[in-house]
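# Close look at the chain arrangement
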Number of protein chains: 4
Amino acid sequence: MVDKIKVAVIGASGYAGLELVRLLVRHPGCELAALTSLEYPGRPFSQIFPALAGIVDLPFSQDPAPAKIAAAASVVFTAVPHQTAMGMIPRFLDLGCKVVDLSADFRFRDVSLYEKWYQPHTAPDLIPETVYGLPELHREEVRRTRLVGNPGCYPTCVILGLAPLAQAGLLSPHSVIADCKSGASGAGRQALLGISFCEVNDGFRAYKVLEHRHTPEMEQELSWLAGTPVNVTFTPHLVPMSRGILGTLYANLTAPRSEGDLRELYRKFYQGHPFVRLHPPGSLPDTRDVRGGNFCDLALRVDRDGRRVIVLSAIDNLTKGAAGQAVQNFNLMMGFPETMGLETAPFLP
Amino acid sequence: MVDKIKVAVIGASGYAGLELVRLLVRHPGCELAALTSLEYPGRPFSQIFPALAGIVDLPFSQDPAPAKIAAAASVVFTAVPHQTAMGMIPRFLDLGCKVVDLSADFRFRDVSLYEKWYQPHTAPDLIPETVYGLPELHREEVRRTRLVGNPGCYPTCVILGLAPLAQAGLLSPHSVIADCKSGASGAGRQALLGISFCEVNDGFRAYKVLEHRHTPEMEQELSWLAGTPVNVTFTPHLVPMSRGILGTLYANLTAPRSEGDLRELYRKFYQGHPFVRLHPPGSLPDTRDVRGGNFCDLALRVDRDGRRVIVLSAIDNLTKGAAGQAVQNFNLMMGFPETMGLETAPFLP
Amino acid sequence: MVDKIKVAVIGASGYAGLELVRLLVRHPGCELAALTSLEYPGRPFSQIFPALAGIVDLPFSQDPAPAKIAAAASVVFTAVPHQTAMGMIPRFLDLGCKVVDLSADFRFRDVSLYEKWYQPHTAPDLIPETVYGLPELHREEVRRTRLVGNPGCYPTCVILGLAPLAQAGLLSPHSVIADCKSGASGAGRQALLGISFCEVNDGFRAYKVLEHRHTPEMEQELSWLAGTPVNVTFTPHLVPMSRGILGTLYANLTAPRSEGDLRELYRKFYQGHPFVRLHPPGSLPDTRDVRGGNFCDLALRVDRDGRRVIVLSAIDNLTKGAAGQAVQNFNLMMGFPETMGLETAPFLP
Amino acid sequence: MVDKIKVAVIGASGYAGLELVRLLVRHPGCELAALTSLEYPGRPFSQIFPALAGIVDLPFSQDPAPAKIAAAASVVFTAVPHQTAMGMIPRFLDLGCKVVDLSADFRFRDVSLYEKWYQPHTAPDLIPETVYGLPELHREEVRRTRLVGNPGCYPTCVILGLAPLAQAGLLSPHSVIADCKSGASGAGRQALLGISFCEVNDGFRAYKVLEHRHTPEMEQELSWLAGTPVNVTFTPHLVPMSRGILGTLYANLTAPRSEGDLRELYRKFYQGHPFVRLHPPGSLPDTRDVRGGNFCDLALRVDRDGRRVIVLSAIDNLTKGAAGQAVQNFNLMMGFPETMGLETAPFLP
């Protein structure tokens with residue numbers, strides 16, 4: 001048996017970090033070598049997360065300096081806020097690590113787009129070699145890179161939902177609406193009044209309408225696929241559940257198509273991609289059906305005159321929308337089978 | 001003090017019926033004279049709903065024959081399934097009762113539209129005198145009628161959200177999308193696997209995409225307001241909460257408008273209507289804020305070029321979307337103040 | 001019509017304060033004269049709580065100095081943390097106000113008991129005139145006092161559940177166990193990781209086992225009723241719901257009794273108390289049935305040999321467990337009917 | 001590599017059956033050979049449970065006759081109601097299968113006890129060879145049997161929580177109280193009004209107080225361990241969550257012990273048992289921490305005078321409380337490592 005790859009998770013006490021740890025500890029090709037957390041240095045992971053007692057008792061590193069981490073691990077997952085990520089990633093690369101970054105810092109090909117929605121970029125020289133880690137679109141580039149910008153949760157849901165239409169030139173410009181609904185873990189593991197139980201339970205609301213930073217990420221990929229600018233009207237909502245995103249995606253077609261036509265288009269587009277599942281006619285995705293799984297479940301409906309399509313797209317925001325996709329990218333970067341460590345069946349009820 | 005109006009609730013053991021009873025028992029202008037239920041004849045209401053022990057101990061009628069009910073009550077609320085409703089309402093009218101019908105049977109001005117989406121209508125002669133009971137559009141007609149077709153929950157949310165735009169001719173034909181999310185009480189008080197706790201909790205899904213019977217109701221009213229046919233692409237979703245509907249409504253404008261323009265349009269349209277509340281700029285509706293209240297809370301966003309509007313519309317599906325609106329109609333029919341019995345503040349957290 | 005009593009709510013932006021405002025704004029005998037909040041001075045109440053837009057638009061006071069408040073209001077509800085409360089209440093009393101205090105500061109007759117569980121008391125001279133505001137036990141004293149120590153939520157549930165047994169001398173010493181389960185609003189309206197949605201949803205846990213400060217409050221009242229020290233083993237738990245407490249109370253009886261005997265004992269004890277409801281045999285309380293209502297719902301079960309009793313006791317922690325009970329006390333202090341402003345039926349589903 | 005064991009799941013469309021399938025499909029030592037369901041014969045498993053599309057597409061057997069099942073599988077898991085189970089199990093045994101029965105039919109050593117709480121037993125001759133499948137108590141017997149009576153969910157929680165005390169003779173007779181709280185999946189996958197979303201959400205209630213059939217199961221095992229009859233006062237409650245049981249277990253000690261003493265007792269008792277985890281002092285179990293894991297998490301508290309102990313015991317009712325424990329028993333019966341196929345980390349948030 002070959003040696004296992006030693007990996008580190010930077011920011012392992014957030015929800016995406018926790019999910020990474022949960023997946024990586026059972027991944028047959030790697031070993032958790034270091035975990036860091038700003039809040040809990042020196043404390044055992046399982047003291048903060050008793051769910052993993054006896055499974056991950058490794059303490060959070062006392063000294064999270066990149067040199068220390070890089071001495072222990074050859075692959076680093078950065079699950080820290082944007083800006084923090086780009087502050088440390090160049091150092092990890094210099095030290096010879098490969099990096100999967102779960103922040104927004106390396107998702108944009110056009111640095112000015114990043115800077116318009118976020119802040120000045122402090123490592124713009126790395127952008128040309130960065131790969132947007134949506135394997136269903138960029139699998140080969142991911143295999144060859146040392147730095148993956150792991151996609152946002154909403155963009156994963158929306159781009160996978162519309163990619164076949166974009167590539168086929170069927171998306172009418174200015175017609176795309178992405179009405180998305182996310183569980184509360186999308187807001188992170190934080191002490192915030194707005195996501196306290198009583199402020200979320202038994203309620204439903206939109207937020208950041210027309211202002212959410214995931215918009216340009218969707219537009220970047222869909223425009224690239226379409227070969228022409230695609231605008232997305234994106235509305236995120238908060239659902240009183242822990243995990244999951246459902247995107248209800250609307251677009252006018254540039255030419256009429258039947259539901260059958262589009263199903264065939266999608267089937268071909270996603271052939272060979274193990275994590276995209278197309279629902280049979282009459283069946284619709286539920287976020288429960290992808291909970292804890294790395295799947296993106298899709299269904300299609302076309303209106304009577306074949307002019308407007310509705311795509312339903314469901315992912316688990318922490319799995320395919322974050323940590324699972326990061327592991328998928330890791331597998332590709334390491335030459336492992338793409339599904340390695342991601343075979344667990346979704347968790348229900 | 002004048003005598004209280006005696007009222008009956010037919011189908012008082014469903015959620016809409018329960019909400020009617022909850023509201024009417026505290027309504028200063030009426031008295032609960034009869035309650036019926038197919039399942040619990042003869043049993044005290046508070047035995048089925050211990051929440052109302054000591055408040056409503058009246059038993060469900062042993063004999064729910066219209067003659068018996070009409071002998072006891074002068075106004076009848078029918079909270080029974082469509083088809084059942086139109087089977088009994090003509091008799092109540094003949095017996096001199098006024099009727100607020102919460103089913104779909106008397107919501108359509110065009111009987112063929114009803115028959116296309118539902119089944120043959122058995123009392124089509126009543127349709128001309130029926131009023132669609134959305135007081136914000138038809139207040140004066142409601143005052144004068146003896147038969148109100150109380151609107152559906154989703155249509156209430158969507159029509160109130162778009163009415164000012166429709167009337168102003170600003171809705172671009174074929175552009176309207178109503179992405180709506182409802183709590184589980186919308187499915188009624190039923191033993192169904194699909195709405196059992198474990199099948200709803202911590203999940204989110206769309207259902208009846210492009211097939212929901214509330215679509216023609218929305219189109220009827222918006223087209224009437226616009227003076228031209230308006231199509232609505234309507235997608236309902238199930239939220240893991242008990243009550244509430246949020247509609248995220250998208251439309252292209254026939255002419256560019258600023259958010260301020262539209263806010264002013266809405267303000268004028270709803271002036272004098274006590275149950276529609278327009279959120280200030282920067283604030284968005286939450287279904288929690290209307291829970292148990294008869295309000296429809298609205299907010300507007302317009303995209304950069306003033307071409308697409310997003311309206312957020314929140315109601316409680318059992319209150320403004322059913323029983324509360326029925327009481328509002330009752331108030332108008334009786335000459336009571338429109339808000340009578342509906343003053344309770346929304347219930348949170 | 002007589003003038004309405006002017007009231008102030010100090011700490012009106014917490015959940016108990018919010019519930020007070022929700023109840024008082026519809027109370028026919030009073031008028032909200034002043035609201036305060038450390039966090040939101042000067043901002044309209046309805047800006048923080050849009051649910052009450054158009055209902056309570058009064059701004060939080062810019063200057064919450066007692067002299068300012070007392071100039072505006074003759075009754076003050078203090079819904080602030082313990083210690084803070086006793087820092088301001090003497091001043092309100094000096095200024096001629098009556099006070100209903102929702103903190104723990106004036107619940108104990110024995111100052112040393114308070115100081116053992118909390119901290120040094122800064123207004124011990126007021127304790128002799130203070131009344132423990134559980135009207136079912138101390139109605140007459142409440143009528144005559146100017147300072148009510150409004151009971152804690154758990155103690156309300158447990159004391160009402162066991163009072164008839166305690167008074168009848170049926171509680172075996174050292175046998176009382178109060179296994180209580182509360183919704184998350186009991187933790188207050190706070191930004192705390194432990195009560196964020198994802199940390200509460202779909203989970204269940206005990207907390208502060210054998211350490212909760214509500215224990216001595218239960219013991220004080222039950223011992224007073226029994227005329228002998230009663231110990232309570234109290235275990236609080238957190239339920240993934242917003243409101244409600246269910247207490248499952250166990251005790252050995254000093255002499256065997258049938259369920260019928262005990263039902264009769266309870267019936268007599270609570271005769272004339274409008275907010276305690278005894279379930280009929282075969283029926284059990286649900287926190288849903290008291291949601292938003294000021295009720296305490298009780299049921300009894302006795303084991304085969306008549307030696308151990310199980311009492312189920314349900315309240316809404318924010319209503320009968322806090323704000324509703326405060327209004328009930330206010331009614332007694334003002335000479336209003338005890339149920340005034342508290343007639344709304346519980347809110348379900 | 002040796003051949004995989006072929007297994008069948010009878011009743012695979014209930015929640016326990018679903019959990020069995022979810023676990024067994026990823027179990028390296030077995031292969032799913034047959035699945036049955038009364039409701040869905042002939043339909044693919046993944047059509048009923050789209051969560052497992054591409055993972056378990058096997059159809060439910062058209063013909064679930066034992067001879068057909070036994071021809072395909074050598075181990076049978078029966079996840080059907082009691083009474084149904086004992087009707088088919090003798091036939092499976094005759095056909096040479098080993099059986100893990102998740103019903104109550106083979107959990108009792110004393111047939112009269114079974115018949116008192118359930119109904120006449122139709123296969124009493126099998127009882128002597130049956131093993132109560134709680135491996136922490138009966139590991140060696142499980143290894144040697146062909147028929148395991150898999151424990152109930154509540155009994156698993158309560159027996160594991162109290163076993164060390166019972167065996168050490170520390171449980172005072174008549175003092176044991178098991179106040180247990182379960183998620184809604186404990187009621188099964190059924191269309192029942194009482195477990196519909198709106199009847200469970202945001203509420204909490206006890207049920208079957210002093211009447212639940214899991215009581216004699218707890219008493220059987222604790223009495224056997226204690227060598228003297230142990231009575232349990234058992235109160236089940238319904239929590240608005242999908243999975244999980246927390247038991248809050250109270251007992252008087254026959255002799256005073258410190259928390260440290262008892263921790264040491266528990267530590268020794270469960271040494272070598274991989275699925276029981278003892279929380280460190282100061283930490284308490286949460287059902288979230290065992291969700292989807294086969295663990296039983298325990299914590300202890302002793303009151304000041306060392307006379308009363310409180311044990312907190314948390315399991316996932318579908319995993320350690322049903323399917324996971326069945327797989328654990330299967331592993332022992334097959335000579336596999338006890339943890340095989342059960343290594344997945346608990347699922348949170």
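A brief look at the structure comes next. Just so it is clear, the model here is predicted, and its values are computed rather than measured.

The rules behind the values
- Residues numbered from 1 in each chain as written.
- Chains lettered and ligands numbered in written order.
- Predicted model: local features only at pLDDT ≥ 70, side-chain atom pairs only at ≥ 80, totals over all residues.
- Helix = DSSP H or I, 4+ residues; strand = E, 2+ residues; numbered from the N terminus.
- Buried ≥ 20, exposed ≤ 12 C-beta atoms within 10 Å, placed from the backbone.
- Contact = placed C-beta atoms within 7 Å.
- Pairing = 2+ DSSP bridges.
- Expected span 1.5 Å × (residues − 1).
- Bend = angle between axes of the 7 residues up to and from the residue.
- Least-squares fit on C-alpha atoms with pLDDT ≥ 70 in both.
- Nonpolar A, V, L, I, M, F, W, Y, C, P; charged D, E, K, R; others polar.

What follows deals with the environment of Leu52(B). Looking at the secondary structure, you find Leu52(B) in the loop between helix 2 (45-48) and helix 3 (66-72). Classification of Leu52(B) as buried rests on a count of 23 C-beta atoms within 10 Å. A C-alpha to C-alpha distance of 8.1 Å links Leu52(B) and Arg22(B), two positions 30 residues apart in sequence. Beyond its immediate chain neighbours, meaning those up to four positions away, Leu52(B) contacts Phe45(B), Ser46(B) and Ala345(C).

Another point: the pairing of strand 12 (residues 296-302) of chain D. Residue and element names in this part refer to chain D. Strand 12 sits mainly inside the fold: six of its seven residues count as buried. Sheet analysis places strand 11 (residues 276-278) next to strand 12, joined by three bridges and oriented parallel. Bridge pairing in strand 12 places Arg-277 opposite Asp-297. Where strand 12 and strand 13 (residues 308-315) come together, seven bridges link them in antiparallel fashion. Within strand 13, the position partnered with Ala-299 by the bridge is Leu-312.

So, about helix 7 (residues 153-167) of chain D. Residue and element names in this part refer to chain D. Helix length check: helix 7, at 15 residues, gives a terminal C-alpha distance of 21 Å against a target of 21 Å (1.5 Å per residue), a fit within 8%. The sharpest bend along helix 7 comes to roughly 40°, located at Gly-161, with the proline Pro-164 sitting one to four residues further on. Burial analysis of helix 7 places 14 of its 15 residues in the buried class, the great majority of the element. Remark: Gly-169 follows helix 7 within two positions and exhibits a positive phi of approximately 70°.

Note on the identical chains: chain C maps onto chain A by a rotation of 180° and an axial translation of 0.0 Å, with an RMSD of 0.0 Å. Those values place the two copies in the arrangement expected of a two-fold rotation axis. Most of the interface of chain C is mirrored in chain A, where 94% of its interface residues are also at the interface.

Quick look at the interface of chain B and chain A now. Often, the extent of an interface is quoted as the loss of accessible area upon association of its parts. Taken together, the contact pairs 34 residues of chain B with 34 residues of chain A. Elements supplying a minimum of two residues to the side of chain B that touches chain A: strand 7 (176-182), helix 8 (197-200), strand 8 (205-206), strand 9 (232-238), strand 10 (245-252) and strand 13 (308-315) of chain B. A per-class count over the side of chain B that touches chain A returns 17 nonpolar, seven polar and ten charged.

Honestly, it's all geometry; don't read function into it.
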